[in-house]
There are 2 protein chains.
Amino acid sequence: MRWLKFTAAGKTSWGIIEGEHVIAVEGDPFGEWRRGTQSHALKDVKIELPLIPRTFYCVGLNYLKHLKEAADRAGTVPNVPDRPEIGYRAQNALIAHDEDVVIPASATEKIHYEGELVVVIGKKAKHLTEANAMDCVFGYTIGNDVSERTWQKADRSLWRSKNADTFKPMGPWIETSVDLERMETVIRVNGQETGRFRTNDMIFGIVPFLVELSKYFALSPGDVIWMGTDGASPDLKSGDVVEIDITGIGTLRNRFVKEEV
Amino acid sequence: MRWLKFTAAGKTSWGIIEGEHVIAVEGDPFGEWRRGTQSHALKDVKIELPLIPRTFYCVGLNYLKHLKEAADRAGTVPNVPDRPEIGYRAQNALIAHDEDVVIPASATEKIHYEGELVVVIGKKAKHLTEANAMDCVFGYTIGNDVSERTWQKADRSLWRSKNADTFKPMGPWIETSVDLERMETVIRVNGQETGRFRTNDMIFGIVPFLVELSKYFALSPGDVIWMGTDGASPDLKSGDVVEIDITGIGTLRNRFVKEEV
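Residues numbered from 1 in each chain as written. Chains lettered and ligands numbered in written order. Predicted model: local features only at pLDDT ≥ 70, side-chain atom pairs only at ≥ 80, totals over all residues. Heavy atoms only, no water.

Visitor: Outline the overall build of chain A, supporting the account with residue identities and numerical values.
Guide: A tally of helices and strands in chain A yields four helices and 19 strands. A compact globule built from 261 residues would reach a C-alpha radius of gyration of about 18 Å, and chain A, at 18 Å, matches this within 12%. Summarising its shape, the C-alpha atoms of chain A cover approximately 60 × 50 × 30 Å along the three principal directions. For chain A, the residues scored as buried account for 57% of the 261 residues in total. Within chain A, contacts between residues separated by at least 24 positions form 72% of all contacts whose residues are at least 6 apart in sequence. Split by element, the accessible area of chain A, about 10800 Å² in all, is 50% carbon and sulfur. (Helix = DSSP H or I, 4+ residues; strand = E, 2+ residues; numbered from the N terminus. Rg over C-alpha atoms; globule rule 2.2 N^0.38 Å. Buried < 20%, exposed > 50% of the residue type's maximum accessible area, 1.4 Å probe, protein only. Contact = heavy atoms within 4.5 Å. Areas by Shrake-Rupley, 256 points an atom, 1.4 Å probe, with all protein chains shown as cover.)

Visitor: So what's going on with the interface of chain B and chain A? Which residues, and what values?
Guide: With 34 residues of chain B in contact, the opposing surface of chain A contributes 34 residues. Between chain B and chain A, a total of about 3000 Å² is buried, with carbon and sulfur atoms accounting for 49% of that surface. Contact with chain A buries surface across chain B, with Arg156(B), Trp159(B) and Tyr216(B) losing the most and accounting together for 27% of the total. Ionic pairing is found between Asp155(B) and Arg83(A), a salt bridge with its closest N-O pair at 2.9 Å. When residues of the side of chain B that touches chain A are traced back to their parent elements, those giving at least two are strand E7 (87–88), helix H2 (149–154), helix H3 (159–163) and helix H4 (206–213) of chain B. At three residues, the largest contribution of residues to the side of chain B that touches chain A is made by H3(B). (Buried area = accessible area lost by both parts, 1.4 Å probe. Salt bridge = Lys/Arg side-chain N within 4 Å of Asp/Glu carboxyl O.)

Visitor: Requested: an account of the sheet that holds strand E16 (residues 192–198) of chain A, with residues and values cited.
Guide: Across a sheet, strands are paired by hydrogen bonds formed along the backbone, either parallel or antiparallel in direction. Residue and element names in this part refer to chain A. Within the open sheet, the five strands sit side by side as E9-E19-E18-E15-E16. Their pairing is mixed. This sheet does not close on itself; its edge strands, each paired only once, are strand E9 (101–103) and E16. Each strand of the sheet is rotated relative to its neighbour by a mean of 20 degrees, with strand direction disregarded. When strand E15 (residues 184–189) meets E16, the two strands line up antiparallel, connected through six bridges. (Pairing = 2+ DSSP bridges. Axes fitted to C-alpha atoms, helices over the stretch in contact; angles between N-to-C directions.)

This is the structure:
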């Protein structure tokens, strides 16, 4: 099932995508909901951010090639994590599919994409086990963990580098049923492929993360966990359009524009 | 004005504190509200977490003594920030006044408090100036940035050390009118004073932070900025009660208990 948050005729609601149409729903997928009677052509609606998570979890280094490329940039050797550890991103930075990533006027040219699988939590969960961890997963969407690499090196935390407004596109919708082993993440800049990796080639997969996080955190409906990226991005410039495609979910597309001052 | 989120007779709402009473309010202080007719004795209501921020900002190192003590622990020299930089905390960790901080079973004995002034944002704001920065502040509350120091050293981010469930007590209420220059933060463990500092003795104050953050982030109603702490904490043990008192706001009190497994 494919859940879309959308606006049509001035009204924002959840909906279910069926083919080229979206069927409006009353309520929301994390609580009570009822299929409505209104149907809209998907191409005619404004796609909204699926949700603002209560807690916004993000895995830093979870694919080997990305780790090596990060180490090369820093002039160090790759430091492969020996256990699943998590970081955070900021809700202020979230934008929807087809909204613009605005590169701050003071940013350098080192603007990179990071295409990521996003796990959406569906229920309250603590102290999960390997056997029941996946029960708390509602579905999957796509994230672009946009990063300014000069700030990433200069700052004490990732505050500007990864959390400036518009730096966290997420969407376009939530797919509840995927086949993790068959998924590929493909990234295109202006229609040309610039990255491709097996989505599930993670150093630590979804289950180990859910088990480890839930030792310390009660996960909540609507929380998201961004699972990290592989490979590296070219430097992006104003006008570039980045598409992140994950098998079985869809395509998250955003244009990058430089802030005018 | 003093805003309290509270529960009485099974109903949770905002209220205004007047003396020893709280007057229920319909709506919320960030939008439309109307003074109700119901009044409760403050001592009879359950004090709730004032809010769950959309984005949860927290200043890491913002007082000189704390910086020096952190450097001493790490065996390094204090690295005084030369500009205001921000970090984040996780919404899952928030609890209210008088709720228990649960020390995870796997934590070490290095459990510390950090008493902090919390700035509560009242309106959308970006690109603030020194002249208008304070206009976006709704009020002030108190935070305890509970930290597990062994994890803080061992982990790549502050995920467990500062964001484990219950590690972020905040409250008891929001005071809209304070005199920053006359405020003192006093911390007591089991009634005995263990720390005291001038609340506004920050390396970078509220205005420079608001100006700098809002260059990159649109602040939103209900966002909070925890302003850092001074001094150091003794190791806390199960049963300890920590009170953080800030002049003109009130006292945030929480008991620490070890998780039973």
